[in-house]
Amino acid sequence: MKIVIIGGTGLIGSKTTERLRAKGIEVIAASPNTGVNTITGEGLAEALAGTDVVLDLANSPSFEDKAVMEFFETSGRNLLAAEKAAGVKHHIALSVVGTDKLQESGYFRAKLAQEKLIREAGIPYTIVHSTQFMEFLGGIAQSALVEGKVHLSPAFVQPIASDDVADAMADVALEPPVNGLIEIAGPERFPLNELVARYMEATGDTRQVVADPEAKYFGARLEDRTLVSDNNPRLGKIGFEQWFATAPRK
């Protein structure tokens, strides 16, 4: 079996690559740095020759509305066309729990467009919806700064550690396509504002966190359960305290 991981040198891609190679599987960790570019098409045909499964774990370098839509649409079209030509048997993409409910946000509109391309491509597929990664808590805080304070919704989140995401992606790569969605989530739920406040306190960040039901999450207003999974998700094993105790410090 040969597996190509698009975005294979990123946070989730590198960990998924390690897990699959440890099982003796041939894996190509594809990215522009390794000569495979889904935007220009460079290196795609060569990388996909003889490939059984493709995992698309790439993310847009920009979250600006137009740029992120162009990234996911261009990358998706190029990748799926190359897969069809190569006879790939299973396309897997990592997306986000709540994508369809977050359409005020340009980023999530682009993710939904990516999912539509996958469904219509005619290649057997699995779309994995994940809750937010614990590793992004600092970025969430930074994105919510208003006049020196962090304004966040008290809506629930169910954060998942990247190691649990990689475990799930490696498993899905070895399973038959479901031609639909599966969901993965962390083992605990927290109000978003309380979790980020806890994270900031633990990292010595003294900025105030304000519970604000109207605060936008990357451009979209949250309902209480927008970011959690009630769809029988595969649950990760790593809780916040365990993750934080071993997380690398920047």
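Above this text is the structure in question.
Residues numbered from 1 in each chain as written. Predicted model: local features only at pLDDT ≥ 70, side-chain atom pairs only at ≥ 80, totals over all residues. Heavy atoms only, no water.

A. View of helix α4 (residues 106-120). The terminal C-alpha atoms of α4 lie 21 Å apart, and with 15 residues this matches the ideal 21 Å at 1.5 Å per residue to within 8%. Looking at the buried positions of α4, the neighbouring elements they touch are β3 (53-56), α3 (65-86), β4 (90-96), β5 (125-130), β9 (180-185) and β12 (216-217). N-capping of α4 is provided by Ser-105, with a side-chain oxygen placed 3.2 Å from the backbone N of Tyr-107. Looking one or two residues past α4, Gly-122 carries a phi angle of roughly 85°, positive in sign. (Helix = DSSP H or I, 4+ residues; strand = E, 2+ residues; numbered from the N terminus. Expected span 1.5 Å × (residues − 1). Contact = heavy atoms within 4.5 Å. Polar contact = N/O pair within 3.5 Å; in protein donor to acceptor, adjacent residues only side chain to side chain.)

B. Expanded view of the sheet that holds strand β7 (residues 149-152). If you walk across this open sheet you meet the three strands as β6-β7-β11, and the pairing is mixed. Each edge of the sheet is formed by a strand with only one pairing partner; in this case those strands are β6 (145-146) and β11 (209-211). Note: β6 against β7, two bridges, orientation antiparallel. Across the sheet, the residue bridging to Val-146 is Lys-149, located in β7. (Pairing = 2+ DSSP bridges.)

C. Broad picture of the side chain of Asp-56. Locating Asp-56 in the fold gives a position in strand β3. Of the buried charged residues, Asp-56 lacks a salt bridge, with Lys-111 as the closest side chain of opposite charge at 6.8 Å. Within polar-contact distance, the side chain of Asp-56 engages the backbone nitrogen of Ala-58 at 3.2 Å. Looking at Asp-56, its side chain comes within polar contact range of the side chain of Gln-114, at 3.4 Å. Excluding anything up to four places from it in sequence, Asp-56 contacts Ile-6, Leu-79, His-91, Ile-92, Ala-93, Leu-94 and Gln-114. (Buried < 20%, exposed > 50% of the residue type's maximum accessible area, 1.4 Å probe, protein only. Lys, Arg positive; Asp, Glu negative; His and termini not counted. Salt bridge = Lys/Arg side-chain N within 4 Å of Asp/Glu carboxyl O.)

D. Molecular detail of α3. Look at α3: 32 Å from first C-alpha to last across 22 residues, which is about the 32 Å you get at 1.5 Å a residue. Taken together, the buried positions of α3 are occupied by Val-68, Phe-71, Phe-72, Ser-75, Gly-76, Leu-79, Leu-80, Ala-82 and Glu-83. Projection of α3 onto a plane perpendicular to its axis shows the buried side chains occupying an angular sector of 165°, all on one side. Those residues of α3 that are exposed and angled more than 90 degrees off the buried face are Lys-66, Lys-84 and Ala-85. Tucked inside the fold, the buried residues of α3 contact β1 (2-6), α2 (44-48), β3, β4 and α4. Once α3 finishes, Gly-87 follows within two positions and takes phi at roughly 75°, a positive value. (Arc of directions from axis to C-beta.)

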